[in-house]
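Fold and geometry: a report
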2 protein chains.
Amino acid sequence: MAHQEKETSGLEWRITLGDGSSKSLVPETGPVSRIWMWLKGLMAGLVLKVWKFLNKAWDIGVEDPRKVIHCLKAGMALTVVSLVYFTRPLYEGVGGNAMWAVMTVVVVFENTVGATISKSLNRVIGTTLAGFLAFGVHWVASLSGQKFEPLIIGASVFLLASAATFSRFIPSVKARFDYGALIFILTFSLVAVSGYRVDKLFALAHQRISTIIIGTCLCILVTMLICPIWAGQELHALTCRNMDKLAGSLEGCVEEYFDNNGELEDSDKHPDKKLLGYKCVLNSKTTEESMANFARLEPAHGRFNFKHPWQQYLKIGSSMRSCAYSIEALNSCIDSENQAPEFIKKRMSNVCLKVSSNSSCVIKELAKTIKTLKKSSSIDFLVEEMSSAVQDLQNEIKSLSSLLSPAELLLPESKETEKTTSTIHLLEVLPVVILASLLIDISSRIQDIVKTVEELANVAEFKEEADDKAKQNQANINRIVPSQQNDDQQTMKALERA
Amino acid sequence: MAHQEKETSGLEWRITLGDGSSKSLVPETGPVSRIWMWLKGLMAGLVLKVWKFLNKAWDIGVEDPRKVIHCLKAGMALTVVSLVYFTRPLYEGVGGNAMWAVMTVVVVFENTVGATISKSLNRVIGTTLAGFLAFGVHWVASLSGQKFEPLIIGASVFLLASAATFSRFIPSVKARFDYGALIFILTFSLVAVSGYRVDKLFALAHQRISTIIIGTCLCILVTMLICPIWAGQELHALTCRNMDKLAGSLEGCVEEYFDNNGELEDSDKHPDKKLLGYKCVLNSKTTEESMANFARLEPAHGRFNFKHPWQQYLKIGSSMRSCAYSIEALNSCIDSENQAPEFIKKRMSNVCLKVSSNSSCVIKELAKTIKTLKKSSSIDFLVEEMSSAVQDLQNEIKSLSSLLSPAELLLPESKETEKTTSTIHLLEVLPVVILASLLIDISSRIQDIVKTVEELANVAEFKEEADDKAKQNQANINRIVPSQQNDDQQTMKALERA
C-alpha cells in the first residue's frame, strides 16, 4: 500500500520528507534512481510505522505498568523452566521430555491468577483423562490382532475427536473447559497413535504428566507470588470503575445539556471523555463474564474469601448496562437538532440537575459500598432524596401544562417575553420533557442497581458501616486511597446536605 | 454439592424420586443402608445431569447441523493425519516427528475457513521466524564459549519472551497475531534451549516446519473442500439476520404497546422472542469483529470477491447497534407503569404504527439489498415514505397541544367522554409522546444505517436492480430462498403501497 502511494506521487513524498538533496537528482530519472527513490520511501515508511508501533506500545506500558510486570514474569517463568534443561539430574529425571514443561509454561501462563489456574487445571485434567482413555483403547486394540489394530485406533480417534470438538460448542463447556477439550483431543491422538510405534507408553505418559505438573506449578507460583493480578480483584475494581463512570456520564450529560460548560471545564479538562464513560459499561460484558469464571477458582486473597459471590457481580453489571442504555438515549438528546426554547430550559434546569446529581450520588455511594465492602449507612437516605427529586421533577412537568394553556403563558421572571407568545406548542417543550422522562427512567433503573448491590452485600456478608464511626472510617479510606477523588467529592456533598 | 443435598435431606429425595420400595428400609437405617441410599441418590443425580447435558447437546446439533459436520470434519482431518504414522515411508520422511503434524491439526482446525487460514499463517510464520532467530542466537552463543552459552541463551529467552508477551497486549497485534506470538515464544524457547542438548538442530527444524506445513495444508484443504463455512458469508448472513431481527423488534414493540396482541398471536406464536430480537444486535459486536478479521484472509467464494469490503460490515453493525439502543428504550416504554389514557393511545396508534411499519420496511429493504448484493430501486422511495410518516407523527404531536388547552378538549369521535375532562395534564400524554419521539429518533438512526449500507453498495460495486426486471428478480430470489418469509411479506407490502 505504502509502496503504491510512493510510486504514483514521488514528488509529493519528497516534499513531505523535506529532503532538499533529492532535487538535483530529478533530471536523470533513470530506472536506478527510481528504484533508489522507491527503496528510500519504503524504508522511511517502514521506519515511521515501526516508530508509531513502538510509541503505541510505550503508551500501553505507561498506562498500565502491571502489563509490563506480567511480561517480565512470563519471561522469568520461561527462563526458570529452561534451567530444567541445563540441570542434568532434573533433565534425566524426566527422560528428555523437558520440552513439555517449556510448552506448558508458554501456553498456561496468563495475566491473572484465576486464568492461569483455570488453564493449568484444564491441561492437567485433559491430559490425564485422555491418557487413560488412550491406554484403554490401545490395550483393546493390541488384543484384537494386528489386522484390526489400526482400524480400532483410527475409529476411536475419529469418534472421540469429533465428540470433543462438538463439546466445545456447548456454552457451559466452552466457558470453562474449552482448553481442556483441546488438550484432550491432542493427548488422546498423540498417545493412541504414537503407541503404535513407541512401546514404552507408560514411561512416556508418566514423564509427560510430571513435566506438565512441573510447568503448571511453576506458573501458578510465579503468578501468585510476584505482583499477583487476581481476576476477582480485577472484576471488583472494574465494577467500581464502571459505576464511577456511569455516575460521571449521567451528571456530565445533563450538565452539558443545560450548558453548564463553564463549570465543567474548571473541574475537568476532558468533558467529552467523561461523558462517554458509559460506553465502557456497554462493552464490558465479555470481560466481566470471563473474570467471574476465573475468580471462582482463586484462593482467598486480599479482602475476598474463596467463596466470594462473584456471580453476583454479573447481575450488577447487567443492571448497570441497562442503565447505560438509557444514558445513551440521554446522550442523543444533547446532539439532537430540536432544542427547547431557552426559558423553558432555564425553568427546568434546576430540578433536572438535582435529579441527575442525586442519582449519580446514589451510584457513587454504591461504588463506595462495593469498594469498601461495607454496607452503606446513608444509601437509604440518598435513594429517598433521589425519589423526592424525581417527584419534584414530575410536579414540574405537570406545571409545564399550564405554560401551554393560553391563560398562564407569561412567566413572571422571564426576560424573553417576546418568545412566550401563544404559539408555544407541545413540540417545543418536548425535548426537555423527554430528557426529564429519561432521567425518571434512569432513576428507576438505578434502583435496580441498588437492589443487586444490596443482594451482594447480604450474600457476601458485608459489615455494617457504624454510624458513629462513619467519619473516622471515611478518613481512613481517604488515607488509603487518596487518588479516588470522586469518592471524596461525593462525601463532601453528602455532608453538606446532611 | 449434590452429595451434601442428598445427605441432609435423604427422606425428601426418596419422595421426589417416588421410589416406593425404600420405605421398608427406613426402620433399619444403619450406616450401610445410608451409604447405599446416598450412593443411589448420587448415581440418580449424575444420570440426570448427564441426560440433561446430552439433551442440550442434541438440541445444539439439531439447531445447527453444520456444527455436527464441522466435528466430523475435524475427526476426519485427525484420522487422515494419523495415517502419516501408519504409512512407513511418510513417517520416516519426517524422522519420527509426525507428532507435530497431529498437533498442528488439533490446534489449527477451526470452524470457518478464514479462522483456519489465520491460525495456519500464524503458526507457520511464528515457527519460521522464531526458528531463524533461535538459530542466530544459538550460533552466537556457541561462539562465545561454554561459560557464556547458557547465560546468552537464558537472557535471549527472557528478553524475547517478555517482548512477545507484551506485544499480545497491543490491540492490533492481539486481533491478528495473538496465536502467532504464542507460537513464536514456544518455538524460540524450544529451539534455543533444546539446541543445547540436541546437536542436529538443522534437521530438526526442517522436519518440524515440513510437518507443520503438512498439517496446515491438510486443515485448509479439509475446511475449504468439505461443506466449507466461510467467515465472510457468516458475517454477511449475521448482518442480514440482525437487520431482520431489528425490523421485527421495532414493529413488534410498537404493536405490543398499542395492544394489537390478537394480530400478533395469529402471525407468530412467540411474540416475546420476536420482541427481544434486538438484544442479539446488542451482543454481536465481538463476533462481527473476529469474523471481519478472518474474512479478509479468505479467497473469493460464492458471490464475494477476495477484496470484498468486510470492514464496512462493522460500520453497518455499529449503526445497527445504535438503533438497537433506542429500541431498548422503546421496549422499556411497554413495561412502564405510567400509561397514557386509552383514548389518547387510540388517537396516536395509527400514525405511530405507520412510522414503525415504514421504518421496519426500510430496514427490511436494506437487509434485502445486502442479501441480494443488488442496489435497491425502492429504497429512496421507502425512506421518503418513512420521513413523511415521521412528519405526520410530528404534526400529530403538535395537535395534541390542543387537547391540553381547555377550549378544544372533546374529541368529536371519542367514546370515553367521561375521561376527557379539563384535568388532562401533560404528564398523562407524556408516555405516548415519549414513545413517539423515540420513534422519531429511531427513524433518524435508521437513516444512518441506510448511509452505511449505501457506502457498502458503492465500495463493493453492487449492481443496480433493474426497475423493469425487479419482479422477475424477486421471483428468482423467492425460489432460491423460500424460507425467508419476512422478505416476501415486505415485498407484498411494498407492492400494495406502490
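As recorded in an unreviewed UniProt entry, chain A goes by the name Aluminum activated malate transporter family protein, listed as coming from Populus alba x Populus x berolinensis. The heading Subcellular location (unreviewed entry) in the UniProt record of chain A holds the text "Membrane". What UniProt records for chain A under Sequence similarities (unreviewed entry) is the sentence "Belongs to the aromatic acid exporter (TC 2.A.85) family."

**Thoughts on the pattern of salt bridges**
Any two side chains of opposite charge can pair, so long as their charged atoms come close to each other. Within the structure shown, the criterion is met by 30 salt bridges over all chains. Across the salt bridge formed by B:Arg347 and B:Glu396, the nearest N and O atoms sit 3.1 Å from each other. Of this pair, B:Arg347 sits in helix α17 (residues 342-372) while B:Glu396 sits in helix α18 (residues 379-404), placing them 49 residues apart in sequence. Salt bridges linked by common partners bring A:Lys279, A:Glu328, B:Asp441 and B:Arg445 together as one network.

**Overview of the interface of chain B and chain A**
The interface is formed by 75 residues belonging to chain B together with 75 residues belonging to chain A. Summing both partners gives a buried area of about 6,900 Å² for chain B against chain A, and 77% of it is carried by carbon and sulfur. At the boundary of chain B and chain A, one finds two salt bridges. Between B:Glu328 and A:Arg445 there is a salt bridge, and its shortest N-O distance comes to 3.4 Å. At the junction of chain B with chain A, the criterion picks out five residue pairs in polar contact (both at pLDDT 80 or more). Among the elements that take part in the side of chain B that touches chain A, helix α4 (residues 65-86) of chain B stands out by supplying 13 residues, more than any other. Within the side of chain B that touches chain A, the residues separate by chemical class into 44 nonpolar, 22 polar and nine charged.

**Things to note about the relation of the copies chain B and chain A**
Laying chain B over chain A is done by rotating through 180 degrees and shifting 0.1 Å along the axis; what remains is an RMSD of 0.1 Å. Taken together, the rotation angle and the small translation identify this as a two-fold axis. When the interface residues of chain B are mapped onto chain A, 100% of them are again interface residues, pointing to one common binding face.

**Quick word on helix α3 (residues 31-63) of chain B**
For α3(B), built from 33 residues, the straight-helix expectation of 48 Å at 1.5 Å per residue is met to within 8% by its first-to-last C-alpha distance of 48 Å. When we look at burial in α3(B), the residues that qualify are B:Ser33, B:Met37, B:Gly41, B:Ala57, B:Ile60 and B:Gly61.

**Topic: the nonpolar core**
In terms of nonpolar packing, the biggest core is built from 149 residues, with A:Met243, A:Leu246, B:Met243, B:Leu246 and B:Leu393 touching the most fellow members. Apart from the residues lying within four places of it in its own chain, the contact partners of B:Leu393 are B:Met348, B:Val351, B:Cys352, B:Val355, B:Ala436, B:Leu439 and B:Ile440. Counting residues in each nonpolar core, the second largest holds 78 residues, with A:Met99, A:Trp100, B:Val107 and B:Val193 among its members.

**Things to note about the environment of B:Pro31**
When you line up the elements, B:Pro31 lands in helix α3. Residues B:Pro31 and B:Glu454 lie 423 residues apart in sequence; the distance between their C-alpha atoms is 76 Å.

**Notes on unusual backbone geometry**
The backbone of A:Leu373 sits at a positive phi, close to 55 degrees, despite the residue not being glycine. Take A:Leu373: it is sitting in the loop between α17 (342-372) and β1 (374-375). Phi angles above zero are rare outside glycine, and B:Cys227 is one such case at about 35 degrees. Within the secondary structure, B:Cys227 is located in the loop between α10 (201-225) and α11 (231-257). Residue classification places B:Cys227 among the partly exposed positions, given a relative accessible area of 44%.

Conventions we followed
- Residues numbered from 1 in each chain as written.
- Chains lettered and ligands numbered in written order.
- Predicted model: local features only at pLDDT ≥ 70, side-chain atom pairs only at ≥ 80, totals over all residues.
- Heavy atoms only, no water.
- UniProt positions renumbered as here; feature names shortened; annotations may be inferred.
- Salt bridge = Lys/Arg side-chain N within 4 Å of Asp/Glu carboxyl O.
- Helix = DSSP H or I, 4+ residues; strand = E, 2+ residues; numbered from the N terminus.
- Contact = heavy atoms within 4.5 Å.
- Buried area = accessible area lost by both parts, 1.4 Å probe.
- Polar contact = N/O pair within 3.5 Å; in protein donor to acceptor, adjacent residues only side chain to side chain.
- Nonpolar A, V, L, I, M, F, W, Y, C, P; charged D, E, K, R; others polar.
- Least-squares fit on C-alpha atoms with pLDDT ≥ 70 in both.
- Expected span 1.5 Å × (residues − 1).
- Buried < 20%, exposed > 50% of the residue type's maximum accessible area, 1.4 Å probe, protein only.
- Core = buried A, V, L, I, M, F, W, Y, C linked by side-chain atoms within 4.5 Å.

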